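As a plain string of letters, each chain reads:
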Amino acid sequence: MLLSSGERVTSALTAMAIEEFGHKALAFTGRQAGIITDTVHTKARIEKISGERIKKALAEASRLS
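Per chain, the residues get numbers from 1 upward, laid out in the order the sequence is written. Since the coordinates come from a predicted model, pLDDT governs what is reported: local features require at least 70, and pairs of side-chain atoms require 80 or more to be given and counted, while whole-chain, interface and lining totals use all residues. Derived side-chain values reflect all non-hydrogen atoms in the structure, with water molecules and hydrogen atoms excluded from consideration.

## Some remarks on the overall build of the protein
Here is the rule: A run of H or I in DSSP becomes a helix once it reaches four residues, and a run of E becomes a strand once it reaches two; helices and strands are each numbered from the N terminus. Throughout, the radius of gyration refers to the C-alpha atoms, and the reference size of a globule is 2.2 Å times the residue count to the power 0.38. Buried residues are those whose accessible area, probed at 1.4 Å on protein chains only, stays under 20% of the maximum for their type, while exposed residues exceed 50% and partly exposed ones sit between those limits. Every residue pair with non-hydrogen atoms within 4.5 Å of one another is taken to be in contact. To measure how exposed things are, a 1.4 Å probe is used in the Shrake-Rupley method; for residues, cover is taken only from the protein chains shown.
Counting its regular elements, the protein contains three helices and two strands. In terms of C-alpha radius of gyration, the protein reaches 14 Å, well past the compact-globule figure of 11 Å for 65 residues. Considering only C-alpha atoms, the protein reaches an extent of 40 × 25 × 15 Å along its principal axes. Of all 65 residues assigned to the protein, the portion counted as buried reaches 9%. Pairs at least 24 apart in sequence give 13% of the contacts found in the protein among residues at least 6 apart. Of the roughly 5700 Å² that the protein leaves accessible, carbon and sulfur atoms contribute 61%.

## Things to note about helix H1 (residues 5-20)
Basically, it comes down to this: Multiply 1.5 Å by the residue count of a helix minus one, and that product is the helix's expected span.
Taking 1.5 Å as the rise per residue, H1 with 16 residues should run 22 Å; its terminal C-alpha atoms sit 23 Å apart, in good agreement. In the segment just after H1, Gly22 is the residue with positive phi, at about 90 degrees.

Written as C-alpha cells, this is what we have:
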C-alpha cells in the first residue's frame, strides 16, 4: 500500500481535476479496475484483466445520463 500511495493520490487528483472541467470521473486502482498480477515486486506480470468494475461504472453512468 505504501509503495503505491503516489499512484493512488495521483489517480484521485486526476479524477478531481476532470470533475473540475465539468466531466464525470472515477479513480480506480489497477486491482479495482480488474487488473490482476502475480506477486513479483517491481516486475509483476499481468495474469488476468476482467474489467467488470469498469464496465459496471460505465453502464451506471450511462443509465444516469
